[in-house]
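Fold and contact review
Here's the letter readout for the chains.
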Amino acid sequence: MTEMPRKPLPEPSGESRPYWEGLAAGRLMLQRCAACGRIRHYPRPLCDACHSFETGWVAASGEASVQSWTVAHHPYHPAFRGELPYTLVTADLPEGVRLVAQLRDAGPEALRLGAPLRIGIEENGEGQALPVLRLAGG
Amino acid sequence: MSLSGQAAVTGIGETDYRRDAGGRSVLRLQLEASLAAIADAGLAPREIDGIVLPMGTGGTVAEDFVTNLGIPDLRLSTTTPLGGAGAVAAVQCAVAAVAAGLCRHVLLPLGRTGRTGSRIGARIHQMPQFRTVGEFEAPVGALAPAQYYAPMARRHMELYGTTSRQLAEIAVTTRRHAILNGNASMTGPMTIEDHQASRLIADPLRLLDCSLESDGAAAVVVSAAEIARDAPRPRVLVTGVAEGHPDSPSAITQRPDLTRLGLAKAAPRAFAMAGVTPADIQVAEIYDCFTYIVLCQIEDLGFCAKGEGGAFVEGGALGLGGRLPVNTHGGLLSQSHMAGMNHVVELVRQLRGEAGAAQVEGASLGLVTGYGDLGDGTVAIMARG
């Protein structure tokens, strides 16, 4: 009997653990430099603006807008084969950073640059909480 | 001190690209290409005194070459791990080394078993330059280069009206060139309709927008310019060379301008070093892991303004006799995916006048680019002389 391949899971570092723990608790958390206030993403040790290692975390507003997207058709990983095709949206957050997440409840034909989005969080079927995106309003 | 004209590419060598390696190891392939390049330079293997290994494919190290080639006195050993930008980065490194007098003849071998060995999609997340996307993007299903690059192409399309048929022009022209080359993996003709009918991989990229997975090796020898006067082949000087890294090099997602590559920073430096402009370039070997990456580099090199690449490539502009002949060997799309070392080889061949049916008539000035990982860019401008 063949074992079902597992999806790739993050291996959190000291810097990124609060991000992943935040998702598990239902919140998208962003690093905020404790010295100069700059928000940065993806999580990393050092503020590139003021070079402070002191870091706090803030919850994202949940708003976003479309920067770009792609639709995945090719099965690069067997664990995602059953979900194909899926739309991956690159989203601008008003906090000044971006995230990439799968689009829910709409197809790529509904996307336009700048279209408003809402960030959600869902469990990926294997116990991992991940961000997802939905078109805002309607 | 300017590096312009301080070094020449004196030797070029390649393996057969037409079939899989038949069980030959990566090191064996690299040694075959290296011996060919060393002989082409009119050198004996013992005269090699520098080795720059681009990319790190296959896990070979300089010691393997010392041992197998019988090199008695290696004076420089380094690597340029910039993915597909690594081959031209290795040229830059070799030029600097010979200009500084560290060594005289530098061997640049690149080879892989990308067809019969491990698939690239399964491999990249073991590479440290993909660590960030591996942690934050692979879990949501962004797993492979096509999926990381496709949003750049989509944004370009939405901003500037670039179309999939324009990307097809690049694939079709490149295939036409491969058919002229006696050593290309893909030898059947391709039409724009073939491209449009090929299956989607990561929208807007279709199968025929994607490069090959190949077995083989290519190598060049870079020598100090003065010594190169004695080389048997026409001398091809490196007159400009530069490397550039994009903003947010670890994650395309966070890049302020998704349509600007590291090459946009490197290109003005290389043109200034060479003392030429894009209008002077007669042939260009442009790294073509995906069709869109060619289009974006044409803009970032300054052949046209940002957003005009789609119109630029239309109507056979990149073909022989077109306004900018590109990838006259068939590129990564249709010749072989030798991570751009085959592009370096082809530029030298063109500037020597040895490109056979694909020769750009009278070509004496050209350029070659590299594009690596998440947007690193390299460019070398070369001239016969």
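Residues numbered from 1 in each chain as written. Chains lettered and ligands numbered in written order. Predicted model: local features only at pLDDT ≥ 70, side-chain atom pairs only at ≥ 80, totals over all residues. Heavy atoms only, no water.

Okay, unusual backbone geometry next. Residues and elements named next belong to chain A. Following His41, the chain continues into Tyr42 via a peptide bond in cis, with omega recorded as 5°. The residue Tyr42 is located in the loop between strand S2 (39-40) and strand S3 (55-59) in this model. The phi dihedral of Asp105 is positive, around 65°, even though this residue is not glycine. Examined against the element boundaries, Asp105 turns out to sit in the loop between strand S6 (98-103) and strand S7 (116-123). On the accessibility criterion, Asp105 (68% relative accessible area) is exposed. (Helix = DSSP H or I, 4+ residues; strand = E, 2+ residues; numbered from the N terminus. Buried < 20%, exposed > 50% of the residue type's maximum accessible area, 1.4 Å probe, protein only.)

If you walk through the whole model with that rule in mind, you get 7 aromatic pairs over all chains. Each ring, one from Tyr19 of chain A and one from Phe136 of chain B, has its centre 5.7 Å from the other, and the planes form 70°; the classification is edge-to-face. One end of the pair, Tyr19 of chain A, is in helix H1 (residues 17-24); the other, Phe136 of chain B, is in helix H5 (residues 131-136), on a second chain. Across this residue pair, the class does not change: Tyr19 of chain A and Phe136 of chain B are buried. Plain terms: the ring middles of Tyr42 of chain A and Phe136 of chain B are 4.8 Å apart, the flat faces sit at 0° to each other, and that makes the pair stacked. With Tyr42 of chain A in the loop between S2 and S3 and Phe136 of chain B in helix H5, the pair connects residues from two separate chains. Across the pair, Phe136 of chain B and Tyr42 of chain A agree in class, each one buried. Through a chain of ring-to-ring contacts, three or more aromatic side chains come together here, namely Tyr19, Trp20 and Tyr42 of chain A together with Phe136 of chain B. (Phe/Tyr/Trp six-rings, centres within 6.5 Å; stacked < 30°, edge-to-face > 60°.)

Looking now at the nonpolar core. Residues and elements named next belong to chain B. Among the nonpolar cores identified, the biggest contains 132 residues, and Leu108, Tyr149 and Met382 are the most heavily contacted of them. Top element by residues in this core is helix H3 (residues 86-99). It accounts for 9 residues. With 19 residues, the next largest nonpolar core counts Ala21, Ile51, Ala62 and Val221 among its residues. (Core = buried A, V, L, I, M, F, W, Y, C linked by side-chain atoms within 4.5 Å.)

Right, let's talk about the pairing of strand S4 (residues 63-72) of chain A for a bit. Along S4 of chain A, 8 of the 10 residues are buried, which leaves the element largely enclosed by surrounding structure. Bridge count for S4 of chain A against strand S5 (residues 200-203) of chain B is 2 bridges, and the pairing is antiparallel. Following the sheet pairing, Ala72 of chain A is matched in S5 of chain B by Ala202 of chain B. (Pairing = 2+ DSSP bridges.)

Our focus in this paragraph is the packing of helix H1 (residues 26-40) of chain B against helix H2 (residues 62-69) of chain B. Residues and elements named next belong to chain B. At a closest axis distance of 11 Å, the pairing of H1 and H2 adopts a crossing angle of 60°. As for how H1 packs across H2, the hand of that crossing is right-handed. Residue-level contacts link Leu27, Gln30, Leu31, Ser34, Leu35 and Ile38 of H1 to Asp64, Phe65, Asn68 and Leu69 of H2. (Axes fitted to C-alpha atoms, helices over the stretch in contact; angles between N-to-C directions. Left-handed = near helix turned anticlockwise from the far one by under 90°. Contact = heavy atoms within 4.5 Å.)

Moving on, we get to the side chain of Arg206 of chain B. Residue and element names in this part refer to chain B. Relative to the elements of secondary structure, Arg206 occurs in strand S6 (residues 205-206). Buried charge without a partner: Arg206 forms no salt bridge, and the closest opposite charge is Asp209, 5.7 Å away. There is a polar contact of 2.8 Å between the side chain of Arg206 and the backbone oxygen of Ser198. (Lys, Arg positive; Asp, Glu negative; His and termini not counted. Salt bridge = Lys/Arg side-chain N within 4 Å of Asp/Glu carboxyl O. Polar contact = N/O pair within 3.5 Å; in protein donor to acceptor, adjacent residues only side chain to side chain.)

Attention shifts here to the domain arrangement of chain A. Residues and elements named next belong to chain A. Domain boundaries in chain A define domain 1 (12-59) and domain 2 (61-138). Taken together, the 13 residues of domain 1 in the interface contact 13 residues of domain 2. When domain 1 packs against domain 2, the two sides together hide about 890 Å² of surface, and 75% of this comes from carbon and sulfur. Inspection of the domain 1/domain 2 interface yields 0 salt bridges. Where domain 1 touches domain 2, the interface holds 0 residue pairs in polar contact (both at pLDDT 80 or more). Broken down by secondary-structure element, the contributors of at least two residues to the side of domain 1 that touches domain 2 are H1 and S2. Ranked by residues supplied to the side of domain 1 that touches domain 2, first place goes to H1 with 4 residues. (Domains from an automatic or database assignment. Buried area = accessible area lost by both parts, 1.4 Å probe.)

Next up on the list: the UniProt feature "domain: Thiolase C-terminal" (unreviewed entry) in chain B. UniProt tags residues 250-376 of chain B as "domain: Thiolase C-terminal" (unreviewed entry). End C-alpha atoms of residues 250-376 of chain B are separated by 10 Å, and the span's content is 35% helix alongside 9% strand. (UniProt positions renumbered as here; feature names shortened; annotations may be inferred.)

This part takes up H2 of chain B. Residues and elements named next belong to chain B. Ala62, Phe65 and Leu69 are the residues of H2 that are buried. Viewed end-on, H2 has its buried residues packed into an arc of 60°, placing them on one side of the element. Of the exposed residues in H2, those oriented more than 90 degrees away from the buried face are Glu63 and Thr67. Elements that come into contact with the buried residues of H2 comprise H1, strand S2 (50-54), strand S3 (76-80) and strand S4 (105-113). Two residues or fewer after H2 comes Gly70, characterised by a positive phi angle close to 70°. (Arc of directions from axis to C-beta.)

This next bit is on the sheet that holds strand S9 (residues 283-285) of chain B. Residues and elements named next belong to chain B. Strands sit in the order S3-S2-S4-S7-S1-S8-S11-S10-S9 across an open sheet of 9 strands; the sheet is mixed. The two strands at the open ends of the sheet, each matched to only one other strand, are S3 and S9. Across this sheet, the average inter-strand angle for adjacent strands is 25°, counted without regard to direction. Sheet topology note: the strand S10 (residues 365-372)/strand S11 (residues 376-384) ladder contains 8 bridges and is antiparallel.

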